[in-house]
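Chain residues, written in single-letter form:
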Amino acid sequence: MLTENDVVQAVSRYLEGEGYRIVSSLSTSQRGIDIVAEHPSTKKRLLVEAKGGTSSKEGTANYGNPFTSNQVKTHVSVAFYYAAMLWQKHSSEDAKIALAFPGDATHRALVEGVSSALKLLDVSVFFVDSSSRVTVLR
């Protein structure tokens, strides 16, 4: 079960492998854009909002337990809103926006349900599997 921290770490490693420099990578105890990366050759910034599949906070009811389908729906909805907000706020800077989720069937199905809107906004999606491998939906 991947926490948001696991997703952030996996996507940060993936981006570094793709030549990006990680400007900042936040944990769940920090507020702000989860990953800010910059590609050295193009100078383009990538802003990533990440969500996990379980709570990362020990002592909470969901710690170590998978989120329900309704909780996943809420997280995907919030991430979609945040991506749209980032797009609006940073579009003049020519920044690229992306989302990152666990690669399970529930997250994939919900993202597929808004894939046309994500394409319109040019928002990429990173999916992280249980082995921390990252695949990209563009």
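Residues numbered from 1 in each chain as written. Predicted model: local features only at pLDDT ≥ 70, side-chain atom pairs only at ≥ 80, totals over all residues. Heavy atoms only, no water.

1. With respect to helix α2 (residues 69-90)
Phase 1 of the analysis: If you check α2, its first and last C-alpha atoms are 31 Å apart, about what 22 residues at 1.5 Å a residue would give, namely 32 Å.
Phase 2 of the analysis: For α2, the set of buried residues is V72, V76, A79, Y82, A83, L86 and H90. Looking straight down α2, one finds its buried side chains confined to an arc of 125°; they lie on one side. Opposite the buried face of α2, by more than 90 degrees, sit the exposed residues N70, Y81, Q88 and K89.
Phase 3 of the analysis: If you follow the buried residues of α2, they end up packed against β3 (45-50), β4 (96-102), α3 (105-112) and β5 (123-128). (Helix = DSSP H or I, 4+ residues; strand = E, 2+ residues; numbered from the N terminus. Expected span 1.5 Å × (residues − 1). Buried < 20%, exposed > 50% of the residue type's maximum accessible area, 1.4 Å probe, protein only. Arc of directions from axis to C-beta. Contact = heavy atoms within 4.5 Å.)

2. Regarding the pairing of β3
Phase 1 of the analysis: In terms of burial, β3 is a largely internal element, 5 of the 6 residues being buried.
Phase 2 of the analysis: Where strand β2 (residues 35-38) lies against β3, 4 bridges are found, and the strand directions are antiparallel. Bridging across to β3, E38 finds its partner in R45.
Phase 3 of the analysis: Counted along the chain from β2 to the antiparallel partner β3, the turn is 6 residues long, and its residue K43 has a positive phi close to 65°.
Phase 4 of the analysis: In terms of strand pairing, β3 meets β4 through 5 bridges, oriented parallel. When the sheet's bridge partners are listed, L46 is paired in β4 with K96.
Phase 5 of the analysis: Once you follow β3 into α2 and on to β4, the crossover reads as right-handed. (Pairing = 2+ DSSP bridges. Right-handed = clockwise from strand over helix to strand, strands pointing away.)

3. Notes on the side chain of D34
Phase 1 of the analysis: Checked against the element boundaries, D34 lands in the loop between β1 (21-25) and β2.
Phase 2 of the analysis: It turns out D34 is buried and unbridged, and the closest side chain with the opposite charge, K51, is 5.9 Å from it.
Phase 3 of the analysis: Here the side chain of D34 touches A50 through a polar contact of 2.7 Å, landing on its backbone nitrogen.
Phase 4 of the analysis: Residues contacting D34, with those up to four places away along its chain left out, are E4, V8, S24, S25, L26, V48, E49 and A50. (Lys, Arg positive; Asp, Glu negative; His and termini not counted. Salt bridge = Lys/Arg side-chain N within 4 Å of Asp/Glu carboxyl O. Polar contact = N/O pair within 3.5 Å; in protein donor to acceptor, adjacent residues only side chain to side chain.)

4. Examining unusual backbone geometry
It is generally the case that most residues other than glycine have a negative phi and that most peptide bonds are trans.
Phase 1 of the analysis: If you check the backbone angles, D122 has positive phi at about 60° while not being a glycine.
Phase 2 of the analysis: Tracing the backbone through its elements, the reader meets D122 in the loop between α4 (115-120) and β5.
Phase 3 of the analysis: Unlike most non-glycine residues, S132 shows phi in positive territory, near 70°.
Phase 4 of the analysis: A relative accessible area of 29% places S132 in the partly exposed class.

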